[in-house]
Structures are given as C-alpha cells and as structure tokens.
Amino acid sequence: MADLSPPSGTGPLAKREARLAWGLLSPTIMAVALVVVLPLLAIFWISVKPVELGDLRAPEVVLREDLRGDSDVAGDEVNIRYRLRNSSQDQPISGVSFADQIPEGLQVTELDERCTLEGRDLRCDLGDWEPGLRETLMIPVVIGQAYLDNGLRPQDSPASSTGTSSSVLTNSTFTLENFTRIFSSDEFFEVLWVTLFYTVFGTVGALLVGLFAALLLNKSFRGQGILRGLYLFPYVAPIIAVAFAWLILFDPFSGSANALLLQMGVTSDAINFFGERPLALIMVTVFEIWRYFPLSFLFILARMQSIDTDMYEAADMDGASPFQQFWYLSVPQLLGILSVLFLLRFIWTFNKFDDIFLLTGGNAGTRTLTVNVYEQAFAVSNIGAGAAVAVVIFGCLLTFSLFFLKYISREEGL
C-alpha cells in the first residue's frame, strides 16, 4: 500500500513547531536589527550625504526675549524686544513665526505689520528665512500698574517659534564626494597598509603566543593555577591602565626601558618608542599581541586538554619526537579552533581603535582606518567622510570573511 502520510517536516505539527520557533526567535531578530542592522544602514546612508558635524542638529529658529527701557513707574514707555536668528549658516527655514503672551499690565501701542494681537496673545509671521538670517522685532508697550503689581516679566512666559527646514540627513541630496575624497588621497593607501600590517601581525602574533603559552601550561605542575591567572592579566586589566603603564615604561626621558638600554650600552641616545617611524607601529602591534594573546591561550588550552592522550602515548612508544607529536597530532586537532580564533581576532583587530588612540593618537605612522574614522568625523567635523571610511572598513571585513569562510576554513567545516 502506498504511503499517504505527508512528507517529513511539512505536516501540521511541523508547521506549528516552525511558527513557535520563529515566535521565540523574533525578539532576538528584532534586537539584532535594532543593534546591528539599523546603525549599519544609517552609516551607509550618511556616507553618501554631505553631512558635517554641525548638520546633525536640524536648523531651527533661536529666539530671545527681553524688556528694553525703564519699567519702574506706571506710564513708562518701553519695548518688548524679540531677537531671532536662523541657527544654520547653510540651510533656509520657511514659514517662520512665533507666538507669545503679553504679560498683564502691558498695553501694546504699536504693532509690526506682520504681527496680530488677540487679547494678550501675540502672533507674528516672518516668512521665509535665508541661512544665517538675524532679525530683531520691537513691540512698544506702556507700563500699567497691574504689571508692577504682579511682578511678571516677558521672559517668564517664553515665546514659542515655528518653522520648516530641510535637514541634510533626510533630504534628497546625495553625493559621492565623501568616497572621492577618501580614494583620491595617497594618504588612504598608507592608512590601509598600516591597518593591514597592524591587523595581520597582531592577529598572527596573538595566536602564536597564545599557542606557545598553552603548550607550556598543558602539563600539570605546582603553581599552574597561579600562572594561568597571571597570563590572563593583560586581557582583563583596564585598557587605560595598561596603555599608560606602557607609555611610562617606554618613555624616552624617564622610562625604565630606556634607562636599562642606556646602562647596558645598547644605545647611546634615548629611544622614542611611540614617537618614531616605524618603531611606533611595531610597538603598538607588540602591545596588541601582548594584550590579546590570553584569549587565544584560553581557547587553545581548552582544546588541547580535550585531545585523547592515548595518541600521544602511542606516538611516544613509536619513537616520535615532541615536535613530531605536536606537528602531526596536536596541530590537526587545533586547526578548527585556530581558524575560528584567526577569523574573530582579525575582525576585532581590524576594528580596534582605543589601543592605538591611547598609545599614539594615530601619530608617527600608526593611523589605522578606525582612527581615520574618528579624525574625519570629529577632528575635521566631516561626518559623511567618517561614515564613508566606516563603509570601507565594512567592505574590507566582509570581503575577508567571505574569502576566509569559502576557501581557508573549508576543511575545518566552518
């Protein structure tokens, strides 16, 4: 008899399970969209907009109100002064108007033709404003006794202004000038080379040092736990503390490293480790290796201790040397975790900003792409150019990740 049951995974129960699974995953998907996807889309949007730091705040009407003249005696003639200006020097504001309530006891004697007064409610329509426009409006009033008695002043009931402006962040103005400015500069390729040097050598160095440390601590001995804790210190210590410790240690005038080198006769002059090319780049790379090798050490050591020791005992009985045991037994077992660590450390190091910024500020040939993002966006106040560099970083990491997952880590099943 033919089997009339529905195919596996397509029955009512499977569909209900699928809906339940998607329902449980929906909060995670929404969180990822809010935290990752939306900021990424915002960066792509800003990268093609002519946005500077001052453009992040939309143009608005700035209004100040005060009373000009002697207002101590009833019958005095004074002026309510309204000072208005367009906060933007580049964007116009259309339909500018403001509304205010005249304090009780002040009698308006004359009105500007653009203003209307209903009871004590004042409204003025000032039309369209050009960028950076300023205007002062004077409303003559006569002081009444009620005004002196109530103690209210015009600024006690602030006027409200309105106007419509086009923000560069939301309008239809797009440009490729940000990318043209980046790629047309020879400085970009120098920064890209520095980033690749720092990332590749920092990543490979952290893996090799972590592997060496894991080999040292893979055997049980007295004090092993204390030594493991010391190995973790660079990774768990506050970045500001360790960065300034290195700056003090290698200071060209009072650093211990220079004092030792001078006393040993290695050098006759003090060395500016973080202020000379190419030594500064080498030093920040060494700092990267020192600070982040504990992460590789932990993962590699955990994988080593899960390898069956019978293989090593059999290899030892067959006369295999320690190097042969490591190369032919340990390395094939560690390729999977080494691939994952290399991918993660490459991405994290490529995106690293705080280490280099604290050590050199990007000077002496240590400016990476992430430091360039900061300088373009905040030092030069060009948010669009900074976002364009961030898009370049995203493109570089996406290309590397796809290449790595497709070709390099295929044998590891990633």
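Analysis parameters
- Residues numbered from 1 in each chain as written.
- Predicted model: local features only at pLDDT ≥ 70, side-chain atom pairs only at ≥ 80, totals over all residues.
- Heavy atoms only, no water.
- Helix = DSSP H or I, 4+ residues; strand = E, 2+ residues; numbered from the N terminus.
- Buried < 20%, exposed > 50% of the residue type's maximum accessible area, 1.4 Å probe, protein only.
- Contact = heavy atoms within 4.5 Å.
- Areas by Shrake-Rupley, 256 points an atom, 1.4 Å probe, with all protein chains shown as cover.
- Lys, Arg positive; Asp, Glu negative; His and termini not counted.
- Charge placed at Lys NZ, Arg CZ, Asp CG, Glu CD.
- Pairing = 2+ DSSP bridges.
- Axes fitted to C-alpha atoms, helices over the stretch in contact; angles between N-to-C directions.
- Parallel < 35°, antiparallel > 145°, perpendicular 65-115°, else oblique.
- Left-handed = near helix turned anticlockwise from the far one by under 90°.
- Nonpolar A, V, L, I, M, F, W, Y, C, P; charged D, E, K, R; others polar.
- Core = buried A, V, L, I, M, F, W, Y, C linked by side-chain atoms within 4.5 Å.
- Domains from an automatic or database assignment.
- Phe/Tyr/Trp six-rings, centres within 6.5 Å; stacked < 30°, edge-to-face > 60°.
- Lys NZ or Arg CZ within 6 Å of the ring centre and 35° of its normal.
- Arc of directions from axis to C-beta.

1. Notes on the overall build of the chain
A count of helices and strands for the chain gives 13 helices and 8 strands. Reported as C-alpha extents along the three principal axes, the dimensions of the chain are approximately 115 × 95 × 45 Å. Burial analysis of the chain (414 residues in total) assigns 37% to the buried set. Relative to all contacts within the chain whose residues are 6 or more apart in sequence, the contacts with residues 24 or more apart total 73%. If you sum the accessible surface of the chain, you get close to 24,100 Å²; carbon and sulfur atoms cover 61% of it. Once the 27 positive and 43 negative side-chain charges of the chain are each reduced to a mean point, those two points are 7 Å apart.

2. Side note on the sheet that holds strand 7 (residues 134–143)
Pairing between the strands of a sheet comes from backbone hydrogen bonds, and it takes one of two forms, parallel or antiparallel. Within the open sheet, the 4 strands sit side by side as 1-2-7-4. Their pairing is antiparallel. At either end of the open sheet lies a strand with only one pairing partner, and these are strand 1 (61–68) and strand 4 (106–108). Along the sheet, successive strands turn relative to each other by an average axial angle of 35°, direction set aside. As judged from the 3 bridges shared by strand 4 and strand 7, these two strands associate in the antiparallel manner. From the neighbouring strand, Val108 faces strand 7, where its bridge partner is Val141.

3. Overview of the packing of helix 6 (residues 239–249) against helix 8 (residues 279–304)
Interaxial distance between helix 6 and helix 8 falls to 12 Å at its minimum, and their mutual angle equals 135°. By the angle between their axes, helix 6 is oblique relative to helix 8. When the axes of helix 6 and helix 8 are compared, the crossing they make is right-handed. Residues Ile239, Val242, Ala243 and Trp246 of helix 6 pack against Met283, Val286, Phe287, Trp290 and Arg291 of helix 8. Split by residue class, the contact of helix 6 with helix 8 holds 8 nonpolar, no polar and 1 charged.

4. Structural notes on the nonpolar core
In terms of nonpolar packing, the biggest core is built from 33 residues, with Phe297, Ile300, Leu334 and Leu369 touching the most fellow members. Those residues within four positions of Leu369 in sequence are excluded, and the remaining contacts are Phe188, Val191, Leu192, Thr195, Phe350, Val389 and Ile393.

5. Some remarks on unusual backbone geometry
Between Arg277 and Pro278 the backbone carries a cis peptide bond, its omega angle lying at -10°. Turning to its location among the elements, Pro278 is positioned in the loop between helix 7 (256–264) and helix 8. Not every positive phi belongs to a glycine, and Ala364 is a case in point at roughly 60°. Topologically, Ala364 is positioned in the loop between helix 11 (354–359) and helix 12 (369–379).

6. Describing the domain arrangement of the chain
Each assigned domain of the chain is listed here: domain 1 (61–164) and domain 2 (177–408). One C-alpha centre belongs to domain 1, the other to domain 2, and the line joining them spans 62 Å.

7. Quick notes on the packing of aromatic side chains
A full pass over the atoms with the stated rule returns 27 aromatic pairs. Ring geometry for Tyr374 against Phe378: centres 5.6 Å apart, planes inclined by 40°, an arrangement best described as tilted. Of this pair, Tyr374 and Phe378 both sit in helix 12, separated by 4 residues, roughly a single helical turn. By relative accessible area, Tyr374 is classed as partly exposed at 34%. One aromatic cluster is present, formed by Trp246, Phe250, Phe273, Phe274, Phe287 and Trp290 through successive ring pairs. Just above the ring of Phe174 sits the side chain of Lys49; from NZ or CZ to the centre is 4.5 Å.

8. Regarding the sheet that holds strand 5 (residues 115–118)
If you trace the 4 strands from one edge of the open sheet to the other, you get 5-6-3-8, paired in antiparallel fashion. In this open sheet, the two strands that pair with only one neighbour each are strand 5 and strand 8 (160–165). Going from strand to strand, the sheet's axes swing by 15° on average, the running direction of each strand aside. Both strand 3 (residues 93–101) and strand 6 (residues 121–129) contribute to a ladder of 7 bridges, which runs antiparallel. Residue pairing across strands places Asp100 opposite Leu122, the latter belonging to strand 6.

9. Describing the pairing of strand 5
As judged from the 4 bridges shared by strand 5 and strand 6, these two strands associate in the antiparallel manner. Residue pairing in the sheet places Thr116 in a bridge with Arg123 of strand 6. Where strand 5 folds back on strand 6, the antiparallel hairpin that results is connected by 2 residues, among which Gly119 adopts a positive phi of roughly 70°.

10. Things to note about helix 6
Inspection of helix 6 places Ile239, Val242, Ala243 and Trp246 among the buried residues, and these make up the whole buried set. Buried residues of helix 6 fall within an arc of 100° about the axis and therefore sit on the same side. The outward face of helix 6, more than 90 degrees from its buried face, is lined by the exposed residues Ile240 and Ile248. Buried residues along helix 6 sit in contact with helix 8 and helix 11.

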